[in-house]
Amino acid sequence: MAWSRKSAMFAALAIAMYLLGLVLRNSQLVTVAVVLLSFLTWAAFRTSHADVASSGRRVDDADADEGIQLHSISALRRISSARIFEDGEIDVTLRIQNRSNLSKVLEVRDRVPEVMRIKKGANYVLMELGPQRETEISYTIETPLRGFYTVGPVCIRVQDAFGLFHNEREIHLYDDFLVFPKMEDIKDAMIKSRVPKIFTGAVNIRNPGEGSNFYNLREYIPGDPMKKVNWNATARSAGKMMVNEYERDAVSDIILIVDSRKISETGPVSRNSLVYSTRAAASLSQYFLARRDSVGLVTYGDEIVSVDRDTGKKQLYVLLTKLAGAMAKGNTPLKVVTDRIMPHINRGSPVIIMSPLEDDSTVVSAVRDLRSRNFDVTVLSPSSLEFEFDARRLDRTGYEVLKTERDILLSELRGLGANVMDWEPDMLLNTALAGARGF
Amino acid sequence: MADENATENGASETAHLYEGKKVSSAPPSRKKAAGRMKSSTDIPEDAIPEVHVPTIIESFFGGPIVNTTKFLPPDRMVASLQMGSAGVLMVLSLLTFMVTPVSGTAWFALSNMLGMQTFGGVLHLLIIVGGLIGGLYGIFQRDQRALIVSYALLIIVTLRFAGSKVDFGISFLPEEEIYQKMLLLLYAVFLVMYMELTSGIIRFSMLDTSIRTGEVYVMQVTKITSRYHRSLLITPAIASSVAGLTLLINLIIPAFVGLFDDVSAQRLSESVELTSVYGVALGTVMVFTVIAAMFAVNLPLRIQQMRERNA
């Protein structure tokens, strides 16, 4: 049984009045104090009725190590989805059952993660639940930010009519759900590999081979299938048989590198470099995987977490799960990441780095190394400066100085042959990608 | 036309559109700034979050003592509590005036020293009236500060050195001890009920505001409010019975001893200690020892188990 602030104040007042009454030999004060104490005692007695012994445990449940018990109440929760994208909605249904033969007045609060918003209904309900009855509470939560979340526990409270004492119990009922980063529909990432794999994919790579797009005309070589013969061209070429050549369609290895260092979370919770990077990585993963490319992911912060290259829808969910769980921690330099992954990826593969490029002196040498090994490097750099400046946490002079430093760094990276885009907060990913490729 | 209706803040009054109701159309500065802000624009005042640093008292009590929630207009439950509290306050003020004499108070001693004896009486009355007015203001404005001032004034007015004898402010009140104690009990019950009802006003106003803003959902509101109403009747009755036992211990003990020895009973009933506040202290110890024993043997739990079995 827990005391409320009101009951503590009443008790303190009663004791003070009682002692003062004895000192002053004042019957009025003593009488008021005694009535106040009796009032509190009765309320405590009534609250203790609510299922709990004065020791805070039921006799028959004394071995259960849960402290205060409200054992006749049970709860069952159902959530509409365990995987959802940012800005999605989850419907939660909580069923509360009273297995006791007495009716109870309960306060039920289903704990929802702080960042979530209750869109419809309420997770905090006050009700009277009859004997052997059950009821259902429904509410909808909005999921504004990516991450792993848990709904629960269910807190149940019984208190006396005056709100003086209460008994509380937490029903350890938890439901986990995953919020994936929001994805943007990409029309064309304009990124192709110079070293396609041997399997046929959806990307034509400007090399002759098996494909669907016309590439060139050439003279017939014995062994060419007759269906490739271009009869119109043959008629125009004075007796030489001409055949059509097609662009080779292939799959590429795409490596996405997401900076999840502590600094990448600079800015407001919903508008910072890490949020933009994860959303971009999710969108790119979806785009490349739909193109039948093989996509790998590396996130680095306090440690380097990598997902090996693979294709298909399953890989998309693996990547989205990793992106949902990316936490801003640590300060691993980019060079350490590139040194670690370079031996394992095909030379010439596109590497897309999503990083604010701040507080890392190894960026230039890392990109230089990648470029020297002929990797097609694209850098999408959401600018923390813009987030900070928009949030009014940076003054004009500081912004100008830092912006200049940043521009110099970006120019240096461009000079190394990397496709670099200073990604401003209001710019769409499509535009940023096009900008990075010089369009 | 627009300029005619513009206020000094630049807000347009739309009283002419809303049947005389004054509706300001000026948005908060944050909204106003949206889309117009440049990097050189100053930060709007309402964009800077307010950081509340708890005071020492708030830290000690684990939160603010006075509620600062802005309530919506009172619903029927709150309005009925307000009327009830006002009625209880009226009766309490009258009872306070009746049972608290000015003699023995600090202001009485001061006025005697100054040679203005009526000043003490006037001040005494002013404290009671202050408690009444503060209480009424607090009840209808739902202002906890005014209510606390009212509680304090109605308690301060009883602070006097009484010298063990029960004195009343009005001379024609009963002289018999049992009636005197009943009157005292009535006064004490009204004071406690006044404190409970006024805190109930704040509690139910908060609940009502939370319900109306969708923060809390209440199933079967009437059942919950009727439970509160029922408790408002039962609890004071029980509390006054327990307190009555405590206060009348100087009659109960001699009556009990009288079963065995009349002379000792007579001596006990005439004992100064037993009839003074120290007798009440003894009664408190006895009654609350019994109550503590009830808790010690888990009586609440056993009653609960019995009720469950019989339900």
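Remember, it's a predicted structure, so these values are computed and weren't measured experimentally.

## Some thoughts on the overall build of chain A
Step number 1: For chain A, the helix and strand inventory stands at 10 helices and 21 strands.
Step number 2: Within the span of chain A, comprising 439 residues, buried residues form 42% of the whole.
Step number 3: Within chain A, residue pairs in contact and separated by at least 24 positions form 71% of the contacts whose partners lie at least 6 positions apart.

## Regarding the overall build of chain B
Step number 1: Along the backbone of chain B there are 13 helices and one strand.
Step number 2: Overall, chain B shows an N-to-C arrangement of helices and strands of α-α-α-α-α-α-α-β-α-α-α-α-α-α.
Step number 3: For chain B, with 311 residues in total, the buried portion stands at 27%.
Step number 4: Taking the contacts inside chain B whose residues are at least 6 apart along the sequence as the reference set, 62% of them involve residues at least 24 apart.

## Regarding the domain arrangement of chain A
One frequently used descriptor of interface size is the decrease in accessible area upon assembly of the parts.
Residue and element names in this part refer to chain A.
Step number 1: Domains assigned within chain A are domain 1 (2-48), domain 2 (59-180), domain 3 (206-248) and domain 4 (253-436).
Step number 2: Taking only C-alpha atoms into account, the centre of domain 2 sits 40 Å from that of domain 4.
Step number 3: With eight residues of domain 2 at the contact, the number on the domain 4 side is nine residues.
Step number 4: Mapped onto the side of domain 2 that touches domain 4, the elements with two or more residues apiece are strand E9 (147-151) and strand E12 (175-180).
Step number 5: If one sorts the elements of the side of domain 2 that touches domain 4 by residue count, E12 sits on top with three residues.
Step number 6: Partitioning the side of domain 2 that touches domain 4 into residue classes produces six nonpolar, one polar and one charged.

## Considerations on helix H5 (residues 117-141) of chain B
Residues and elements named next belong to chain B.
Step number 1: The first and last C-alpha atoms of H5 sit 36 Å apart over 25 residues, in line with the 36 Å expected at 1.5 Å per residue.
Step number 2: Those residues of H5 lying buried are Gly120, His124, Ile127, Gly131, Leu132, Gly134, Gly135, Gly138 and Ile139.
Step number 3: Lining the buried residues of H5 we find helix H3 (76-99), helix H4 (106-114), helix H6 (144-156) and helix H7 (177-212).

## Focus on the nonpolar core
Residues and elements named next belong to chain A.
Step number 1: Within the largest apolar cluster, 77 residues are counted, with the highest numbers of intra-cluster contacts made by Leu256, Ile257 and Ala281.
Step number 2: Of all the elements, helix H4 (residues 273-290) adds the most residues to this core, at 10 residues.
Step number 3: Counting only domains with at least three residues in this core, you end up with domain 2 (59-180) and domain 4 (253-436).

## Details of the sheet that holds strand E1 (residues 217-218) of chain B
Step number 1: Across the sheet, which stays open at both edges, the six strands sit in the order E1(A)-E11(A)-E10(A)-E5(A)-E7(A)-E1(B) with mixed pairing between neighbours. Only two strands of the sheet have a single partner each, and these edge strands are strand E1 (2-3) of chain A together with E1 of chain B.
Step number 2: Sheet topology note: the strand E5 (residues 104-110) of chain A/strand E7 (residues 124-129) of chain A ladder contains six bridges and is antiparallel. Across the sheet, residue A:Lys104 finds its bridge partner in E7(A), namely A:Leu129.

## Thoughts on the packing of H5(B) against H6(B)
All names here are of chain B.
Step number 1: The interhelical angle for the contact between H5 and H6, taken along N-to-C directions, is 155 degrees, at an axis separation of 7 Å. Considering their axes alone, H5 and H6 lie roughly antiparallel with respect to each other. The chirality of how H5 crosses H6 is left-handed. Contacts from Ile127, Gly130, Gly131, Gly134, Gly135, Tyr137, Gly138 and Gln141 in H5 reach Gln144, Ala146, Leu147, Val149, Ser150, Leu153, Leu154 and Ile156 in H6.
Step number 2: Partitioned by chemical class, the residues of the contact of H5 with H6 number eight nonpolar, eight polar and no charged.

## What about the packing of helix H9 (residues 249-258) of chain B against helix H10 (residues 262-270) of chain B?
Residue and element names in this part refer to chain B.
Step number 1: In the contact formed by H9 and H10, the axes pass within 7 Å of each other and the chain directions differ by 170 degrees. The angle between H9 and H10 falls in the class roughly antiparallel. For the pair formed by H9 and H10, the contact residues are Ile253, Pro254, Val257 and Gly258 on the first element and Asp262, Ser264, Ala265, Leu268 and Ser269 on the second.
Step number 2: Looking at side-chain class alone, the contact of H9 with H10 contains five nonpolar, three polar and one charged residues.

## What about the interface of chain A and chain B?
Step number 1: Facing the 48 residues of chain A at the interface are 58 residues of chain B.
Step number 2: Those elements that provide at least two residues to the side of chain A that touches chain B are helix H1 (5-24), helix H2 (27-48) and E7 of chain A.
Step number 3: Tallying contributions element by element places H2(A) first for the side of chain A that touches chain B, with 16 residues.
Step number 4: When the residues that make up the side of chain A that touches chain B are grouped by side-chain class, the tally is 25 nonpolar, 15 polar and eight charged.

## Here we look at the pairing of E5(A)
Regular strands place side chains that alternate from one sheet face to the opposite one.
Step number 1: Note: E5(A) against strand E10 (residues 154-159) of chain A, four bridges, orientation antiparallel. Paired with A:Asp110 across the strands is A:Val154, a residue of E10(A).

## Digging into the sheet that holds strand E2 (residues 73-79) of chain A
Within a sheet, adjacent strands bond to each other through the backbone by hydrogen bonds, running parallel or antiparallel.
All names here are of chain A.
Step number 1: Pairing is antiparallel in the open sheet, where four strands are placed in the order E2-E4-E8-E6. The open sheet has two free edges, formed respectively by E2 and strand E6 (117-121), since each of these has just one partner strand. Pairwise comparison of adjacent strand axes, ignoring direction, gives a mean angle of 30 degrees for this sheet.
Step number 2: In terms of strand pairing, E6 meets strand E8 (residues 133-143) through four bridges, oriented antiparallel. Residue pairing for E8: Lys120 is matched across the bridge by Thr140.

## Structural notes on the confidence of the model for chain B
Residues and elements named next belong to chain B.
Step number 1: Confidence in the prediction of chain B, expressed as mean pLDDT, is 79, and 77% of residues score 70 or more.
Step number 2: For chain B, helix H1 (residues 29-33) is the element with the lowest average pLDDT, namely 44, and H3 is the one with the highest, namely 94.
Step number 3: Low pLDDT, under 50, characterises residues 1-35; the predicted model gives this stretch 30 contacts beyond four residues in sequence or across chains.

## Observations concerning the confidence of the model for chain A
Step number 1: Chain-level pLDDT for chain A is 82 on average; 86% of the residues reach the 70-or-more range.
Step number 2: Scored below 50 in pLDDT, residues 50-69 of chain A makes 39 contacts in the model with residues more than four places away or belonging to other chains.

## Some remarks on the environment of A:Glu358
Residues and elements named next belong to chain A.
Step number 1: Position of Glu358 among the secondary structure elements: in the loop between strand E19 (350-354) and helix H7 (363-372).
Step number 2: Its 20 C-beta neighbours within 10 Å are what place Glu358 among the buried residues.
Step number 3: A sequence separation of 317 residues divides Glu358 from Thr41, and the C-alpha atoms of the two residues are 63 Å apart.
Step number 4: Aside from chain neighbours lying at most four places away, what touches Glu358 is Ile263 and Ser384.

## A word on the environment of A:Ser355
Residues and elements named next belong to chain A.
Step number 1: In this fold, Ser355 is placed in the loop between E19 and H7.
Step number 2: The spacing of Ser355 and Gly267 is 88 residues in sequence and 14 Å in space, taken between C-alpha atoms.
Step number 3: For Ser355, the residues in contact, after removing those within four places along its chain, are Asp259, Leu334 and Ser381.

## What about the environment of A:Ala366?
Residue and element names in this part refer to chain A.
Step number 1: Here Ala366 lies in helix H7.
Step number 2: A sequence separation of 27 residues divides Ala366 from Asp339, and the C-alpha atoms of the two residues are 7.9 Å apart.
Step number 3: Every residue in contact with Ala366, bar those within four places of it in the chain, is listed here: Leu334, Lys335 and Thr338.

What counts and how
Residues numbered from 1 in each chain as written. Chains lettered and ligands numbered in written order. Predicted model: local features only at pLDDT ≥ 70, side-chain atom pairs only at ≥ 80, totals over all residues. Helix = DSSP H or I, 4+ residues; strand = E, 2+ residues; numbered from the N terminus. Buried ≥ 20, exposed ≤ 12 C-beta atoms within 10 Å, placed from the backbone. Contact = placed C-beta atoms within 7 Å. Domains from an automatic or database assignment. Nonpolar A, V, L, I, M, F, W, Y, C, P; charged D, E, K, R; others polar. Expected span 1.5 Å × (residues − 1). Core = buried A, V, L, I, M, F, W, Y, C linked by C-beta atoms within 7 Å. Pairing = 2+ DSSP bridges. Axes fitted to C-alpha atoms, helices over the stretch in contact; angles between N-to-C directions. Parallel < 35°, antiparallel > 145°, perpendicular 65-115°, else oblique. Left-handed = near helix turned anticlockwise from the far one by under 90°. pLDDT = per-residue confidence, 0-100.

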